[in-house]
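Summary of the model geometry
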Amino acid sequence: MAIFSSSTRDIPCSLAVPRHVAIIMDGNGRWAKKRFMPRVAGHRRGVETVRDIVRNCLERGVRYLTLFAFSSENWRRPEEEVSLLMQLFVRALQQEVDKLHRNGVCLRVVGDLSRFDPYLQSLIRDSEQKTAGNDRLTLTVAANYGGRWDILQAANRMSVARPEKQSHWSETDLAPYLAMSYAPEPDLFIRTGGEQRISNFLLWQLAYSELYFTDTLWPEFDAAAFEKAIVSYRQRERRFGRTSEQLGEVRQAPDKEGDA
Ligand code: IPE
Ligand code: IPE
Ligand code: MG
């Protein structure tokens, strides 16, 4: 698969459909609380939303969908909730991977997977292997993922692989070592659940993404709510540091050297 360099250098042609959508699926707990249900009921309902949004992305022709499922900070939650979330993850993989495969979805999981139990790790590996040849939609699940972890692991791997460059590394040297080097940077970032923060998600890759925040809780984020986010995205002018007037001239033309 191609390794994408930073989308902040060249202006990608503005498509009506974002090529890459990244989502922080937040608000499951509050959805359950409003209904006097245990938090896990919200997470269960959240899995149904995932199913709907994946289908919607397939219909729209979105090529990359990245979902934040469990952050490196979520281990701080009560043990019982963490354990139930892990069980849900296992069950979702067991139940959904065949269908994803039939629909041409390539599944990838990014994050520090070493902390997961061996069965979950092997399930992840098998699911990735099974769907590796698909390219209709790449669905990435970020699990035990943190943006700071990602940048650090990339820097560490880069410094081992390219010691001769020492302190002369560039953005393009680092990019191939990031966990999502197989994908272009997100065009559209969505966070449901009302909070307006990044919570250590894709820190490097979100540099020039269009940000969309909605109060809708993840279990209630349906096709109409997704459509609203896409409509908002279409109204944005992505300038990548340039002026509005320049856009017509330089669209897709490569930057001059040194013009980062
Ligand atoms: C997001 O929903 C799911 C995970 C973080 C796993 P939350 O569980 O954070 O829901 P709220 O924010 O408490 O409503
Ligand atoms: C972010 O949600 C992580 C995921 C959705 C997996 P949180 O609900 O954990 O974020 P904070 O702690 O409120 O920032
Ligand atoms: Mg939350």
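Just so you know, these numbers come straight off a predicted model, no measurement behind them.

Rules used throughout
- Residues numbered from 1 in each chain as written.
- Chains lettered and ligands numbered in written order.
- Predicted model: local features only at pLDDT ≥ 70, side-chain atom pairs only at ≥ 80, totals over all residues.
- Heavy atoms only, no water.
- Core = buried A, V, L, I, M, F, W, Y, C linked by side-chain atoms within 4.5 Å.
- Buried < 20%, exposed > 50% of the residue type's maximum accessible area, 1.4 Å probe, protein only.
- Helix = DSSP H or I, 4+ residues; strand = E, 2+ residues; numbered from the N terminus.
- Contact = heavy atoms within 4.5 Å.
- Near = heavy atom within 4 Å.
- Polar contact = N/O pair within 3.5 Å; in protein donor to acceptor, adjacent residues only side chain to side chain.
- Areas by Shrake-Rupley, 256 points an atom, 1.4 Å probe, with all protein chains shown as cover.
- Nonpolar A, V, L, I, M, F, W, Y, C, P; charged D, E, K, R; others polar.
- Pairing = 2+ DSSP bridges.
- Axes fitted to C-alpha atoms, helices over the stretch in contact; angles between N-to-C directions.

1. With respect to the nonpolar core
Formed by 41 residues in total, the largest nonpolar core has its most connected members in Ile 23, Leu 65 and Ile 190. Considering every element that reaches this core, the biggest residue donor is helix α3 (residues 79-102), with 8 residues. Non-local contacts of Ile 23, meaning those with residues more than four positions away in its chain, are made with Ile 53, Leu 65, Thr 66, Leu 67, Phe 68, Ile 190, Phe 201 and Trp 218. Counting residues in hydrophobic clusters, the runner-up holds 14 residues, among them Tyr 64, Val 110, Ala 142 and Leu 202.

2. As for the site of ligand 2
Close contacts around ligand 2 come from Ile 24, Met 25, Asp 26, Phe 68, Ala 69, Phe 70, Ser 71, Asn 74, Arg 77, Arg 191, Arg 197 and Ser 199, and that covers them all. The contact in question runs from an oxygen atom of ligand 2 to an N or O atom on the side chain of Arg 77, over 3.2 Å. Note that an oxygen atom of ligand 2 is positioned 2.6 Å from one of the side-chain N or O atoms of Ser 199. Protein burial of ligand 2: of its 390 Å² of free accessible surface, 78% is covered by the chains. By residue class, the composition of the shell around ligand 2 is 5 nonpolar, 3 polar and 4 charged.

3. Quick notes on the site of ligand 1
Taken together, Met 25, Asp 26, Gly 27, Asn 28, Gly 29, Arg 30, Arg 39, His 43, Ala 69, Asn 74, Arg 77 and Leu 85 are the residues near ligand 1. Measuring from an oxygen atom of ligand 1, one finds a side-chain N or O atom of Asp 26 at 2.9 Å. Protein burial of ligand 1: of its 380 Å² of free accessible surface, 87% is covered by the chains. Elements with a contribution of two residues or more to the shell around ligand 1: α1 (28-34) and α2 (39-60). A per-element tally of the shell around ligand 1 places α1 first, with 3 residues.

4. Notes on the environment of Ala 161
Within the secondary structure layout, Ala 161 lies in helix α5 (residues 147-161). Judged by its relative accessible area of 46%, Ala 161 is partly exposed. A C-alpha to C-alpha distance of 9.9 Å links Ala 161 and Tyr 177, two positions 16 residues apart in sequence.

5. Regarding the sheet that holds strand β3 (residues 105-110)
Reading across the sheet, the 6 strands line up as β3-β4-β2-β1-β5-β6 and stay open at both edges, with parallel pairing between neighbours. Taken across any chain shown, the strands that pair with only one partner, and hence form the sheet edges, are β3 and β6 (210-213). Recorded for the sheet is a direction-independent mean angle of 20° between the axes of neighbouring strands. Across the sheet, α3 lies against β2 (64-71), β3 and β4 (137-145), angled at about 155° from β3, the strand it touches most.

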